[in-house]
Every structure is written in structure tokens, then in C-alpha cells.
Amino acid sequence: MSSRERTYQVVGKSAVTVDFPDGNSINYPAGSVFKAEPSNSSVIRLVRINSVREMSTREIPNFSA
């Protein structure tokens, strides 16, 4: 995981597809949470059209405890 990655949640009513630099395209259903670089063009587009939102660090559970 890159230190620049952020956590996003799908907030639209339908699934979204995120294209990653390694060539993978992943489909995330509504309510899903995923990590991606904030400079990812798919993420930029999805944030702009209000299909995903960046989650705050307070919302992300810490399982390392």
C-alpha cells in the first residue's frame, strides 16, 4: 500500500468501476470501500460526479490494535 493512498466509499446508487495504473479495472458495488491514489483519473472523475467520497481517518477502522 502506498502512503499516498486514500480510502474511498461508493456513495452512488449503482456500482462504479475504478481503473488502476497496473491495468486492473475493479467494479465496486454501492457501499463498498476501497483504497486508491487521489491522482487516479477514475477516482477524480467519480468524486467529481459524487459517486464516491473520500473517507476521513476517523471513519476508517484500525485493525492493527
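Residues numbered from 1 in each chain as written. Predicted model: local features only at pLDDT ≥ 70, side-chain atom pairs only at ≥ 80, totals over all residues. Heavy atoms only, no water.

1. Observations regarding the pattern of salt bridges
The line we're drawing: Every case where a carboxyl oxygen of Asp or Glu lies within 4 Å of a side-chain nitrogen of Lys or Arg is listed as a salt bridge. Secondary structure elements follow DSSP: runs of H or I of four or more residues count as helices, runs of E of two or more count as strands, with numbering from the N terminus. Only protein chains enter the accessibility calculation, which uses a 1.4 Å probe; a residue whose area is less than 20% of its type maximum is buried, one above 50% is exposed, and one in between is partly exposed.
Under the criterion given, the structure shown has 3 salt bridges. For Arg6, the salt bridge identified is with Glu54, shortest N-O distance 3.6 Å. With Arg6 in strand 1 (residues 6-10) and Glu54 in strand 5 (residues 52-54), this residue pair connects regions lying 48 residues apart in the sequence. Arg6 sits in the partly exposed class, given a relative accessible area of 33%. Of the residues examined, Glu54 reaches a relative accessible area of 43% and is grouped as partly exposed. Between Arg53 and Glu59 there is a salt bridge, with the nearest N and O atoms lying 2.7 Å from each other. On the basis of relative accessibility, which here comes to 36%, the residue Glu59 falls in the partly exposed class.

2. Some points on the nonpolar core
Here is the rule we go by: What makes a nonpolar core is a set of buried Ala, Val, Leu, Ile, Met, Phe, Trp, Tyr and Cys residues whose side-chain atoms join them at distances within 4.5 Å. Pairs of residues are marked as contacts when any of their non-hydrogen atoms sit within 4.5 Å.
Judged by nonpolar contacts, Tyr8, Val10, Val16, Val18, Phe20, Tyr28, Phe34, Ala36, Val43, Leu46 and Val52 together constitute the single largest core of 11 residues. Setting aside residues no more than four positions away along its own chain, Tyr8 makes contact with Ser32, Val33, Phe34, Ala36, Glu37, Pro38, Val43, Val47, Val52, Arg53, Glu54 and Met55.

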